[in-house]
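The primary structure of each chain is shown beneath.
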Amino acid sequence: MKEQQRLYDFQLTPEQEERALSIHERSIVIDLLFQGPLSPRVVPPEVSAQIKEECEALKDDPMAYSALPAKRLRQMSVRGELPAFKEEWYRSGITAGNREVDLSSPEAMITSMGEMQEQFDRFDWLVKALTADDIREAKRKGLKAGIVTSQDPGGLGKNLDLLEALHGFGLRVLQLTYNNQNAIASGCMELANGGVSNFGMTFIGRMNELGIVVDTSHCGEQTTLDACRLSAKPVIASHTGAHAIYPHRRCKSDAELRAIAATGGVIGVFAMPWFVHGDPHATTIDHVLDHIDYIVRLVGVDHVGIGTDWPMSDVDWSLVYFKEHIAPKLGFARGDGPSTELVDGLEQYGLFINFTRGLVARGYSDEEVSKIIGGNWLRIFEQVWG
């Protein structure tokens, strides 16, 4: 009953509640930008205070100061010191979520690959998803699957052999660029809107050959359109929104949404308060569902998924610091998130069923709900991963 009281009020009937629970439990549920399963709401206050005390010595190094809390939470999780890591994942009902490797530099690459692999090695309930069947098998066995992804390929330079090695490690989804310009393409914060480079054409072709999904989430409009034209396999946006609903540069235009769908791809809708609604302090899951509804009407239910990207696996004070000192260096406009604001109805990952409940409330059929909460992503994996 306590959990029920925290659910978002969609004014569902008892029959609808039972139906939503049934859909959620039997479906393969995938969040393709899964920052969780931890979030500030489930990190004990004493742990947050302990990490803050340790970080004080790093105040003169903003990047290290900002990065250490999430790192400590990861380390505590794999040592079994934060039971909420497993508890929240299972409470959410999410079958598979991405595990992100940082490819922004060679040093970050080695560190993050090691940290990620440690999760797979230490958690007997978490498997690395190399095929779509790995996700199905995890569902059958009551396990969870991690999908190796990355948002920033900057550290690869023009080394296609390294891309192949990363595929061997398990990389299955890769974004072409993160907000800014790189050797591959222009990001969504680049005013020049330059599109895919000559090398980027080769890069996309190699991704197709290896079976790595082309992700355009943080890409500029021309990059997205170019990628859809160049890729021989479905293209996605793992976490974005509809620009027609909220005109933010992280949201996709109708032209981009149609282009992605035309490849057979999927658009994952995010739950970031600053990117889906005008008031980040009053953003609800209904605002997120508005984006889903719009994209469904525009391109069809087969091309919509979920990639929440929020809340972060971090602590509140660190998120405030990140917004003030780090986010502007990554291409975000000053004050334009991320920080501590939350979507009402998704304050923590254990409430992920609110997506299913909300879609039921909006009249979607059982089959349509199952597609949006995971089935469409699974289809993409089958088509691209081979």
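Here the structure is shown first, and the text comes after it.
This is a predicted model, so every value here is computed, not measured.

## Quick word on the overall build of the protein chain
Piece 1. A count of helical and extended segments in the protein chain gives 16 helices and nine strands.
Piece 2. When the backbone C-alpha atoms are referred to their principal axes, the protein chain occupies close to 55 × 50 × 40 Å.
Piece 3. Sorting the 386 residues of the protein chain into buried and exposed places 59% on the buried side.
Piece 4. If you take every contact in the protein chain between residues at least 6 apart in sequence, the share linking residues at least 24 apart comes to 75%.
Piece 5. Surface exposure of the protein chain reaches about 15,000 Å², of which carbon and sulfur atoms provide 51%.
Piece 6. Looking at the protein chain, you have 38 positive and 53 negative side-chain charges, and the mean spots of the two groups are 2 Å apart.

## Here we look at the environment of Val-343
Piece 1. With respect to the helices and strands, Val-343 occurs in the loop between helix 14 (316-326) and helix 15 (353-361).
Piece 2. In this structure, the C-alpha to C-alpha distance between Val-343 and Val-288, residues 55 residues apart in sequence, is 8.5 Å.

## Focus: helix 4 (residues 62-78)
Piece 1. The terminal C-alpha atoms of helix 4 lie 26 Å apart, and with 17 residues this matches the ideal 24 Å at 1.5 Å per residue to within 8%.
Piece 2. Its axis deflected by about 35° at Leu-68, helix 4 carries its strongest bend there, up to four residues before the proline Pro-69.
Piece 3. Taken together, the buried positions of helix 4 are Tyr-65, Ser-66, Leu-68, Pro-69, Ala-70, Leu-73, Met-76, Ser-77 and Val-78.
Piece 4. As for helix 4, its buried residues are in contact with helix 3 (45-55), helix 5 (84-92), helix 6 (106-122) and helix 14.

Thresholds, definitions, all that
- Residues numbered from 1 in each chain as written.
- Predicted model: local features only at pLDDT ≥ 70, side-chain atom pairs only at ≥ 80, totals over all residues.
- Heavy atoms only, no water.
- Helix = DSSP H or I, 4+ residues; strand = E, 2+ residues; numbered from the N terminus.
- Buried < 20%, exposed > 50% of the residue type's maximum accessible area, 1.4 Å probe, protein only.
- Contact = heavy atoms within 4.5 Å.
- Areas by Shrake-Rupley, 256 points an atom, 1.4 Å probe, with all protein chains shown as cover.
- Lys, Arg positive; Asp, Glu negative; His and termini not counted.
- Charge placed at Lys NZ, Arg CZ, Asp CG, Glu CD.
- Expected span 1.5 Å × (residues − 1).
- Bend = angle between axes of the 7 residues up to and from the residue.

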